[in-house]
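# Structural features, examined
Read off the chains here:
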Amino acid sequence: MPDNAAISIHNVSVKYKLIHERSLTLKETAINFLKGKRDKYEYLWALKGINMSVKKGETIGIIGSNGSGKSTLLKVIAKIVDPSDGTIRHNGMLSAMIELGAGFNPELTGEENIYLNGAILGLSKSTIRRKFGEIVEFAELEKFIDIPVKNYSSGMYMRLGFALSTAVDPDILIIDEILAVGDESFQKKCFKKLNEFKQKGRTIIIVSHDLNSIERMCDKAYLIRDGNLVSEGYPQDVIHFYRSLISKGEIDISNVPSRQGSGDVTIKDVKFYSSSGIETDSFNTGDMLRVRIEYYASKKIDKPVFGVAIHSENWVHINGPNTKLYGLDIDFIQGAGALEYTIHSLTLLEGGYYFTVAIFDYTCTQPYDYWDKCLKFNVSNGNIKERYGIFYMPSEWKKI
Amino acid sequence: MLNKLKELYSFRELLKNLVIKELKLRYKRSVLGFLWTMLNPLMMMIILTIVFSQLMRFDMKNFAIFLLCGLLPWNYFSQSISMATTSLISNANLINKVYIPKAIFPISLIFSNMVNMVLSLIPLFLLMIIIGVRIQPSVLLIPVLLLNLMFFTAGISLFISCLNVFFRDFTHMIEIIIMAWFYVTPIIYPLEKIPAQYEMFFKLNPLIYIIGNFREVIFYGRIPDFSFILNSLFASVISFVMGYWYFYKNEKQIIFYI
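Residues numbered from 1 in each chain as written. Chains lettered and ligands numbered in written order. Predicted model: local features only at pLDDT ≥ 70, side-chain atom pairs only at ≥ 80, totals over all residues. Heavy atoms only, no water.

### What to know about the domain arrangement of chain A
Its domain assignment divides chain A into domain 1 (56–254) and domain 2 (259–380). Relative placement of domain 1 of chain A and domain 2 of chain A: their C-alpha centres are 31 Å apart. (Domains from an automatic or database assignment.)

### Focus on the sheet that holds strand β16 (residues 332–343) of chain A
All names here are of chain A. Within the open sheet, the three strands sit side by side as β11-β13-β16. Their pairing is antiparallel. Two strands lie at the open edges of the sheet, namely β11 (265–273) and β16, each paired on one side alone. Ignoring strand direction, the axes of neighbouring strands in this sheet form an average angle of 15 degrees. Bridge count for β11 against strand β13 (residues 289–302) is eight bridges, and the pairing is antiparallel. Residue pairing for β13: Asp269 is matched across the bridge by Glu294. (Pairing = 2+ DSSP bridges. Helix = DSSP H or I, 4+ residues; strand = E, 2+ residues; numbered from the N terminus. Axes fitted to C-alpha atoms, helices over the stretch in contact; angles between N-to-C directions.)

### With respect to the sheet that holds strand β3 (residues 59–63) of chain A
Residue and element names in this part refer to chain A. Strand order in the open sheet made by the six strands is β5-β6-β7-β3-β8-β9, with mixed pairing throughout. Looking at the sheet topology across the chains shown, the edges are occupied by β5 (94–95) and β9 (228–233). Direction of pairing for β3 relative to strand β8 (residues 220–225): parallel, over a ladder of four bridges. Within β8, the residue paired with Ile63 across the bridge is Leu223.

### A look at unusual backbone geometry
Residue and element names in this part refer to chain A. Positive phi, close to 70 degrees, is recorded for Lys79, a residue that is not glycine. Within the element layout of this structure, Lys79 appears in the loop between α2 (70–77) and β4 (85–90). Using a relative accessible area of 37% as the deciding quantity, one classes Lys79 as partly exposed. In the Ramachandran plot, Asp169 falls in the positive-phi region, its phi being about 55 degrees despite a non-glycine side chain. (Buried < 20%, exposed > 50% of the residue type's maximum accessible area, 1.4 Å probe, protein only.)

Put into structure tokens, the structure is as follows:
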């Protein structure tokens, strides 16, 4: 292992035993044993022969769809899962809180949890005591540090988790899908903290669906697909390749969840209808497109804002209307309900388009539920003969 | 295997914190707090004393003290192993998210219950003073006996906590096993009551020695028989080594089943 390597992964494979008709209980095991029946199982290779070398001071991003094996890879790096084959070596202290606040006990106060989780992350009591003020200040929880964590809001919970994870000041920091949480100002703080880390020459490993932040933060990206490392290199290139796989349909969009939000309101269903009221996801240029959004608000929500967006297959942002910009003020919502968004003339040219639906608070900063490019519809040209670009503008040609 | 033990030692700060958490959670929001540790065995003792000395006409001097001497170590043992059964499963979230030596979860229970055990010795000695049973110098052996009990319990706890990850119905079986074990161990009855024809089988039960020693030093006020000491040391070493070995063997598989 070279001196400048922080992590070196050599030919690592992980197999899971996928058991069909598994005898989960002693009783069944005993009966099956007496009957001479064996558990039926097959092996599922979550990772196949992965080779990676992460240099000290590098920030790397791991991307891939759901079930691609990227979480398993992260768990291998974090020593949570032992590889079935191959070796992994670390150089330096590792902080692997794969989920922020995973070790919090809801009954204990913020302060008690700092000590408990600090110990989980390997800090000594004196170190925690020394950093206590810093953690509380970073998490902005001065007033709430002596109340049980179960009374915290999800934002407070995450802030404390992040503050703790970074207070460890490890040589290698592992972060799984956390940059999407918290409000905007706290996110900025997190990015700033991570940048400080980078400047100190620490190694950071990020797994995220948020391709934009991977592109912004990382020096290098890896794409995992079906347990194989299929692409590595500059983040822009790897992300471009990933997007091209998605748009070619080689990766199912439903496995690329980019859903986030507080969950106080959830989007239940989104359906596309044609002008004749038939549910469909195929349209012709110039057709009417009607979208029905069904939601459920678990409590009374004042002044929600519903928004949608359309992106082309190569992720060009085409439009992004919402109810607030339109001037439709919704006083409040509670329980189940539905909303309709109608495009009178769909002036898009032939191709597939991603559809985003989101419900925000009135300031449009806090999402209740956000389905980022989770739906897709197709457009055929129909009578329109134009082929270039993505847009049809009702127009005419005349020789004068 | 020794490396694993060393690693466990390096996580002692966490172990300490987990023990404190256990104790805090147990007594949080209860008015009597730590008093419960002492009240619980006392009340059980009162019930059992009434049942045995009044209803079943069990004639013995200072039956209450006799009972407590066996009941306290038994409570430690049974509570520890029944809590250990689910200790890995109930910490699944943590095990899935961060690397910690997994043995730390059952082990932390061994320590937190030991704190309770030691505290519950206080009412026992108070009661002895009130009733007028003399406390003999042999009680100085108690720390050794506690250590002995701890290692025995730790081995079984490690084994059961791991087994229960692979076979979930063990949770239901363990309660029955504990109950049966309670009755085959001389806790509510003296050693002499064991029928002679079954003595051989009873002697295979290591708790006879491990718990019996407590009664010898506290109630009878004498140094236990040499064979008792030897047997109990032997049992705890075997239990710990086997339990730890089984746990260590299967530790890597736990993550796939939890």
